[in-house]
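# Examining the three-dimensional arrangement
Residue-level listing of the chains:
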Amino acid sequence: MRGLYRHGLLLAWLLLTAMPVSAGTATVAAASSLQFALTEAAERFEHDTGHTLRLNFGSSGNFRRQIAQGAPFELFLSADERYVEALHDEGHTRDEGVIYAHGRLVWLQRPGQAKSFGDAPMAGVEQALARHAKGERPRIALANPEHAPYGVAAQQALTHAGLWDQTEPLRVLGENVSQAAQFALSDDAQGGLVAYSLALAPPLVDRSEYILIPEGWHDPLRHRMVLTCEAGDTAQAFYTWLQQEEGRAIFQHYGFSTD
């Protein structure tokens, strides 16, 4: 009997150790400039690990406010490192996080609206103003500068070019930069100032054209990510995965610098 009992215990232990560990789930808040890059990264991570990620995309400023108010996000990928720094100062994150990428701003428009951009990054904006002077009202899209980092960069670039005040009647604001990209390619828009990563995304690349805005025309778009105090093991694992070669390569594919 004692031998059977021991055999039973051994069999039970072998069965337990042979069972796969149940995969975890993590809730992620990410800047909308990451909509395509992070979705691809999450799919690979889930395939490799069996974990599940709930991705939420929006403006970094809105997520910063929601996390401060207790929203149960475990990992926050911001397009502006200052939002992460503010959350850390207020005690909502494990640490100060890490910079995972640097973004770029582009002028995005439907194909064929201009023969060539040449060396004039704001040629599309100037064309819109010329049309406005003739009585037309072509829209210029950008993300809302009040809470979207790419909207701040767009405002700074227009100001640098001396066009901020002039474009006031033509501007249409997206809730985030992804929405601004949709507005930029609509029928009544001349174009818009949006994230480079969106211009390279498969749904947009075949129906748009773009020109990079010089980096010196706006403050650096330093993207920082951080684990919140709510973070579990799955969020920690994805946070680490994104800093490794495979994660960095995906960001680079979508136009981000990871240096």
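Look up: the structure comes first, before these words.
On to the overall build of the protein chain. When helices and strands are tallied, the protein chain shows 11 helices and 10 strands. Within the protein chain, the fraction of its 259 residues that count as buried is 47%. Across the protein chain, the fraction of contacts at a sequence separation of at least 24, relative to all contacts at a separation of at least 6, is 76%. Summing over all exposed atoms, the protein chain offers an accessible surface of approximately 12800 Å²; the carbon and sulfur share of this is 50%.

Now for the nonpolar core. Core analysis: the largest hydrophobic core is formed by 63 residues, its most contacted members being Leu77, Phe238 and Leu242. In this view, Leu77 contacts Val28, Ala29, Ala30, Ala31, Leu34, Leu38, Tyr100, Arg224, Met225, Leu242 and Phe251; residues no more than four positions away in its chain are not counted. Phe63, Ile67, Ala71 and Val226 belong to the second-largest nonpolar core, a separate cluster that totals 10 residues.

Taken in spatial order, the five strands line up as E7-E6-E8-E5-E9 in an open sheet, and their pairing is mixed. At either margin of the open sheet sits one strand with a lone partner, and together these are strand E7 (171-174) and strand E9 (209-212). On average, adjacent strands in this sheet sit at an angle of 25° to one another, irrespective of strand direction. Taken together, the four bridges between strand E5 (residues 105-109) and strand E8 (residues 189-195) define a ladder with antiparallel strand orientation. Following the sheet pairing, Leu105 is matched in E8 by Ala195. Sheet contacts for helix H7 (residues 177-184): E5, strand E6 (139-143), E7 and E8; angle to E8, the most-contacted strand, approximately 155°.

Here we take up the packing of helix H2 (residues 35-49) against helix H10 (residues 233-242). In contact at an axis separation of 11 Å, H2 and H10 are set at 115° when each is read in the N-to-C sense. Regarding H2 and H10, the two cross each other, and that crossing is right-handed. For the pair H2 and H10, contact is made by Leu38, Ala41, Ala42, Arg44, Phe45 and Asp48 and by Thr234, Ala237, Phe238, Trp241 and Leu242, respectively. Residue composition of the contact of H2 with H10, grouped by class: eight nonpolar, one polar and two charged.

On to the pattern of salt bridges, then. Here the structure, examined in full by the defined rule, presents eight salt bridges. One salt bridge connects Arg44 with Glu40, and the closest N-O pair in it is separated by 2.9 Å. Of this pair, Arg44 and Glu40 are both found in helix H2, four residues apart, which corresponds to roughly one turn of the helix. The exposure class assigned to Glu40 is partly exposed, which follows from its relative accessible area of 21%. For the salt bridge of Asp80 with Arg82, the shortest nitrogen-to-oxygen distance reads 2.9 Å. We classify Asp80 as buried; its relative accessible area is 13%. A cluster of three or more residues bridged by salt bridges with shared partners is formed by Glu40, Arg44 and Glu246.

Rules of the game
Residues numbered from 1 in each chain as written. Predicted model: local features only at pLDDT ≥ 70, side-chain atom pairs only at ≥ 80, totals over all residues. Heavy atoms only, no water. Helix = DSSP H or I, 4+ residues; strand = E, 2+ residues; numbered from the N terminus. Buried < 20%, exposed > 50% of the residue type's maximum accessible area, 1.4 Å probe, protein only. Contact = heavy atoms within 4.5 Å. Areas by Shrake-Rupley, 256 points an atom, 1.4 Å probe, with all protein chains shown as cover. Core = buried A, V, L, I, M, F, W, Y, C linked by side-chain atoms within 4.5 Å. Pairing = 2+ DSSP bridges. Axes fitted to C-alpha atoms, helices over the stretch in contact; angles between N-to-C directions. Left-handed = near helix turned anticlockwise from the far one by under 90°. Nonpolar A, V, L, I, M, F, W, Y, C, P; charged D, E, K, R; others polar. Salt bridge = Lys/Arg side-chain N within 4 Å of Asp/Glu carboxyl O.

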